Amino acid sequence: MGTWQLILCGLVMLLGLIGVVVPGIPGPPIVWAAVAWWALTETTRLAWGVLAVATAVLLLNQAVKWLLPARRMHGAGITRRTFLLAGVAGIVGFFVIPLIGAPVGFVAGIYGAERQRLGGHGEAWASTRTVMRAIGTSVLVELCACLIVVGAWLGAVIGG
């Protein structure tokens, strides 16, 4: 693989890392696709090993990402109705406030649903913070998995 292809592959991985924290960009699949592109071009034992490790790490990430927040939110008593209302509020927010409306609407939807369910501001705000922490944990797990994959790729490129 030539230098320009390696640089382009690294830029695609950077886009994947950005996609982890920016809603709407599927970060892990982009990172995996860049590693697959590199492995299919290199066709060495090291490249196939890195691709296998990347696949395993990102599949494990998907399992962990979905298990961690669910445990925390069920423990706090968050309902599916809350997420449904938050999703609808996020969609409405996307069209009402360009660029930043979706996250604002999502958080406002969680707060509104929890305020209605719990009755008071303090309890609703604490519940909203719990949900946002759980979602933040999910993003952090995904970012760490993608960084492990990018680090393995970078180690293989530099050391191999």
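Thresholds, definitions, all that
Residues numbered from 1 in each chain as written. Predicted model: local features only at pLDDT ≥ 70, side-chain atom pairs only at ≥ 80, totals over all residues. Heavy atoms only, no water. Helix = DSSP H or I, 4+ residues; strand = E, 2+ residues; numbered from the N terminus. Rg over C-alpha atoms; globule rule 2.2 N^0.38 Å. Buried < 20%, exposed > 50% of the residue type's maximum accessible area, 1.4 Å probe, protein only. Contact = heavy atoms within 4.5 Å. Areas by Shrake-Rupley, 256 points an atom, 1.4 Å probe, with all protein chains shown as cover. Lys, Arg positive; Asp, Glu negative; His and termini not counted. Charge placed at Lys NZ, Arg CZ, Asp CG, Glu CD. Expected span 1.5 Å × (residues − 1). Axes fitted to C-alpha atoms, helices over the stretch in contact; angles between N-to-C directions. Parallel < 35°, antiparallel > 145°, perpendicular 65-115°, else oblique. Left-handed = near helix turned anticlockwise from the far one by under 90°. Core = buried A, V, L, I, M, F, W, Y, C linked by side-chain atoms within 4.5 Å. pLDDT = per-residue confidence, 0-100.

## Considerations on the overall build of the protein
Phase 1: Of regular secondary structure, the protein possesses six helices and zero strands.
Phase 2: Along the protein, helices and strands appear, N-terminal first, in the series α-α-α-α-α-α.
Phase 3: Taken over the C-alpha trace, the protein has a radius of gyration of 19 Å; the compact-globule value for 160 residues is 15 Å, which it surpasses by more than 25%.
Phase 4: Its C-alpha atoms give the protein principal-axis dimensions of about 60 × 35 × 20 Å.
Phase 5: A burial count over the protein gives 32% of its 160 residues as buried.
Phase 6: When contacts within the protein are restricted to residue pairs at least 6 apart in sequence, long-range pairs at least 24 apart make up 60% of them.
Phase 7: Element-wise, carbon and sulfur atoms account for 75% of the exposed surface of the protein, whose accessible area totals about 9300 Å².
Phase 8: A distance of 7 Å separates the average location of the 10 positive side-chain charges in the protein from that of its 4 negative side-chain charges.

## Digging into helix H2 (residues 27-42)
Phase 1: In this model, H2 (16 residues) spans 23 Å end to end at C-alpha, consistent with the 22 Å of a helix rising 1.5 Å per residue.
Phase 2: Burial in H2 covers these residues: Gly 27, Pro 28, Ile 30, Val 31, Ala 34, Val 35, Ala 36, Trp 38 and Ala 39.
Phase 3: Note on H2: the residue one or two positions beyond its end, Thr 43, has a positive phi of about 50°.

## Notes on the packing of helix H5 (residues 101-118) against helix H6 (residues 121-159)
A packed helix pair is summarised by two numbers, namely the angle formed by the two axes and the spacing between the axes.
Phase 1: With their axes 8 Å apart at the nearest point, H5 and H6 run at an angle of 135° to one another. With respect to their mutual orientation, H5 and H6 come out oblique. Considering only the axes of H5 and H6, their crossing is right-handed. Where H5 approaches H6, its residues Phe 106, Val 107, Ile 110, Tyr 111, Glu 114, Arg 115, Arg 117 and Leu 118 are matched on the opposing element by His 121, Glu 123, Ala 124, Trp 125, Ser 127, Thr 128, Val 131, Met 132 and Ile 135.

## Quick word on the nonpolar core
Note on soluble globular proteins: their nonpolar side chains tend to be buried together.
Phase 1: Counting 21 residues, the largest nonpolar core has Cys 9, Met 13, Val 35, Trp 38, Cys 146, Val 149 and Trp 153 as the members making the most contacts within it.
Phase 2: Mapped by element, the contributors of at least two residues to this core are helix H1 (3-21), H2, helix H3 (45-76) and H6.
Phase 3: Once you skip the residues sitting within four places of it in the chain, Cys 9 turns out to touch Ala 34, Trp 37, Trp 38 and Trp 153.

## Examining the side chain of Glu 142
Phase 1: Along the chain, Glu 142 turns up in helix H6.
Phase 2: With a relative accessible area of 8%, Glu 142 lands in the buried category.
Phase 3: When sequence neighbours within four positions are dropped, the list of residues in contact with Glu 142 reads Val 20, Pro 28, Asn 61, Gln 62 and Lys 65.

## Focus: the environment of Cys 146
Phase 1: Within the fold, Cys 146 resides in helix H6.
Phase 2: Sequence separation between Cys 146 and Val 20 is 126 residues; the distance between their C-alpha atoms is 8.3 Å.
Phase 3: With sequence-adjacent residues up to four places away left out, Cys 146 is seen in contact with Leu 17, Val 20, Gly 27, Pro 28, Val 31 and Leu 58.

## Re unusual backbone geometry
Phase 1: Residue Thr 43 is not a glycine yet carries a positive backbone phi of 50°.
Phase 2: Position of Thr 43 among the secondary structure elements: in the loop between H2 and H3.

## A closer look at the confidence of the model for the protein
Phase 1: With 94% of its residues at a pLDDT of 70 or more, the protein shows a mean pLDDT of 86.
Phase 2: When pLDDT is averaged over each helix and strand of the protein, the minimum, 81, is found for helix H4 (residues 80-96) and the maximum, 95, for H2.

## Observations concerning the environment of Leu 85
Phase 1: Along the chain, Leu 85 turns up in helix H4.
Phase 2: Taking the C-alpha atoms as reference points, Leu 85 and Pro 98, 13 residues apart in sequence, are found 20 Å from one another.
Phase 3: Beyond its immediate sequence surroundings of up to four residues, Leu 85 is in contact with Gly 109 and Ala 113.

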